[in-house]
Amino acid sequence: MAADTMVLTRKIQVFVDCDDKEKRSEYFKKLFEWQDLVFRAANMVITHQYVQENLKDLIYLQDDVKIKLADKAKDPEGVLNTSRMNTTYRVLSNYFKGRIPTDILSQINTALIKYFQADRLSYWKGEKSLRNYKKDMPIPFPGRRINLSKDENARDFKFTLFKIPFRTYLGKDRSDKRVLLQRALVGQIKVCSSAIKIVKGKIFLLLALELPKKIQELKDNIIAEASLSIEHPIAVTIGKESFQIGNKEEFTYRRMAIQAARHRLQKAAAFDKGGRGRKRKMKSLEHFNEKEKNYVDTKLHLYSRRLIELCVKAQAGTLLLVNQSNKEEIAKGDKFLLRNWGYYGLIEKIKYKAKMVGINIIIE
């Protein structure tokens, strides 16, 4: 990826585009089978990579055993009969070839090795535990596998993935999904490695697109100082001007109101009408869990967007998050802050939006 571009991911609901019930059933069966194999393959790759990394620490091996993770054909002291990256792909191919497309296996292997290399120092220091992948893990595939086309009503889009036909459902799309899909259709933007995710019987396309960064006229000598707090989600100072984005009542109290409603339902669930057991009793609670999650996510997106808009308007090329490290340490010891104030989520959204317009982020 070039330095003047970045990758965006959009979550788009899709349907299996087939009216034949038997074929639809076969397609769904295949997708669920792939989902199961993908999660097993991911855990297998990360385990093999970890074992290879720590072979030298297996003190119970004989002293004359030479351990060097290299291809023996290229290095006489190497213990591998292929490159290290290819070792785990061969394991996956041996177990799963013929049951799942090889493009999916290749994507799993490449992505997992990348994640392992990023975390290997933390594993060595004992700061992180080995990643563990669950059954709801997305099914990855290369971007070249998607060939978009317009459907009959010209509102949604169609594509075929490993011979399974899909159709998007955008509904009353108020975001940029339709525009991005149209640009991808005509070749203005590149489709990168993406994934299919199945959530409670619904299918979602996690579409990754490579877009050029938005060029803004920014000045590095203009610095915006932002402070994240519980009273005001974001307080920012640019030169002599100060702004406050959001307030405690708007964010925390509303979130606590949702939590209180959920708690009341939780206490009343014991007296709900019987039938269908736990699923019936937990349905309303799951609704409020999702409601709280969506509310927080929406608000953090709104706050981060307003902050970046203020920086762009003032031409601030640098954004400094003041005393953020200290605040995060304090929050770890305060159960209320830890439960109700998403420092990490807000910072990640600020970083993402700042990267889009070329603003440098410094966390103090």
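All values derive from a computational prediction rather than experimental measurement.

Caption draft 1: Representation of the overall build of the protein. Helix and strand counts for the protein come out as 9 helices and 13 strands. Here the protein holds 364 residues, and the buried ones make up 41% of them. Restricting the contact set of the protein to residue pairs at least 6 apart, pairs at least 24 apart contribute 66%. Accessible surface for the protein amounts to roughly 22,400 Å². Of this, 51% is attributable to carbon and sulfur atoms.

Caption draft 2: Structural detail: the packing of aromatic side chains. Inspection of the entire model under this criterion finds 7 aromatic pairs. Ring centres of Trp34 and Phe162 lie 5.7 Å apart, and the angle between their planes is 85°; this geometry places the pair in the edge-to-face category. Taken together, the residues Trp34 in helix α1 (residues 21-53) and Phe162 in the loop between β4 (157-161) and β5 (164-169) connect sequence positions 128 residues apart. Ring-pair connections join several aromatic residues into one group, and the members of that group are Tyr50, Phe116 and Tyr123. In this structure, Lys11 packs its charged tip against the face of Phe204, placed 4.5 Å from the ring centre.

Caption draft 3: Main features of the sheet that holds strand β12 (residues 316-321). If you trace the 5 strands from one edge of the open sheet to the other, you get β11-β10-β9-β12-β13, paired in mixed fashion. Looking at strand neighbours, the two that pair on one side only are β11 (241-245) and β13 (360-363), the edges of this open sheet. Sheet twist, expressed as the mean angle between neighbouring strand axes with direction ignored, is 25°. Examined bridge by bridge, β12 and β13 share 4 bridges and lie parallel to one another. Considered in β13, the bridge of Leu320 is made with Ile362.

Caption draft 4: Representation of the pairing of β11 in the model. Of the pairings in the sheet, the one linking strand β10 (residues 234-238) to β11 comprises 5 bridges and is antiparallel in character. Directly across from Ile234, in β11, lies its bridge partner Ile245.

Caption draft 5: Unusual backbone geometry, seen in detail. Phi at Lys200 is positive, roughly 50°, even though this residue is not glycine. Locating Lys200 in the fold gives a position in the loop between β7 (194-199) and β8 (202-212). In this structure, Gln315 takes a positive phi of about 60° despite not being glycine. Note on placement: Gln315 falls in the loop between α6 (277-313) and β12.

Caption draft 6: Layout of helix α5 (residues 248-268). Taking 1.5 Å of rise per residue, 21 residues should cover 30 Å, and α5 covers 29 Å from first to last C-alpha, within 8% of that figure. Listing the buried residues of α5 in full gives Lys248, Phe251, Thr252, Arg255, Ile258, Gln259 and Ala261.

Caption draft 7: Up close: the pattern of salt bridges. Across all of its chains, the model carries 10 salt bridges by this definition. In this structure, Arg131 engages Asp119 in a salt bridge whose closest nitrogen and oxygen atoms are separated by 2.9 Å. Here Arg131, found in the loop between α3 (102-125) and β2 (139-141), pairs with Asp119, found in helix α3; they are 12 residues apart in sequence, far enough to count as distant. When its relative accessible area of 6% is taken as the criterion, Asp119 is described as buried. Overlapping salt bridges, with partners in common, bring together Asp17, Lys158 and Arg167 in one network.

Caption draft 8: The arrangement of α1 in detail. The terminal C-alpha atoms of α1 lie 48 Å apart, and with 33 residues this matches the ideal 48 Å at 1.5 Å per residue to within 8%. The backbone nitrogen of Glu22 has a side-chain oxygen 2.9 Å away, supplied by the residue at the start of α1, namely Asp20.

Caption draft 9: Main features of the packing of helix α2 (residues 84-96) against α3. Their axes nearest at 10 Å, the elements α2 and α3 cross at an angle of 140°. When the axis of α2 is compared with that of α3, the two are oblique. The handedness of the crossing between α2 and α3 comes out as right-handed. Where α2 approaches α3, its residues Arg84, Met85, Thr88, Tyr89, Leu92, Ser93 and Phe96 are matched on the opposing element by Thr102, Leu105, Ser106, Ile108, Asn109, Thr110, Ile113, Phe116 and Gln117. Split into classes, the residues belonging to the contact of α2 with α3 amount to 8 nonpolar, 7 polar and 1 charged.

Caption draft 10: Quick look at the environment of Val45. As for its placement among the helices and strands, Val45 is situated in helix α1. Given the relative accessible area of 1%, Val45 is considered buried. As for Val45 and Val91, which are separated by 46 residues in sequence, their C-alpha atoms are 8.1 Å apart. With residues near it in sequence (within four places) discarded, Val45 still touches Thr88, Leu92, Asn109 and Leu112.

Quick notes on the rules
- Residues numbered from 1 in each chain as written.
- Predicted model: local features only at pLDDT ≥ 70, side-chain atom pairs only at ≥ 80, totals over all residues.
- Heavy atoms only, no water.
- Helix = DSSP H or I, 4+ residues; strand = E, 2+ residues; numbered from the N terminus.
- Buried < 20%, exposed > 50% of the residue type's maximum accessible area, 1.4 Å probe, protein only.
- Contact = heavy atoms within 4.5 Å.
- Areas by Shrake-Rupley, 256 points an atom, 1.4 Å probe, with all protein chains shown as cover.
- Phe/Tyr/Trp six-rings, centres within 6.5 Å; stacked < 30°, edge-to-face > 60°.
- Lys NZ or Arg CZ within 6 Å of the ring centre and 35° of its normal.
- Pairing = 2+ DSSP bridges.
- Axes fitted to C-alpha atoms, helices over the stretch in contact; angles between N-to-C directions.
- Expected span 1.5 Å × (residues − 1).
- Salt bridge = Lys/Arg side-chain N within 4 Å of Asp/Glu carboxyl O.
- Polar contact = N/O pair within 3.5 Å; in protein donor to acceptor, adjacent residues only side chain to side chain.
- Parallel < 35°, antiparallel > 145°, perpendicular 65-115°, else oblique.
- Left-handed = near helix turned anticlockwise from the far one by under 90°.
- Nonpolar A, V, L, I, M, F, W, Y, C, P; charged D, E, K, R; others polar.

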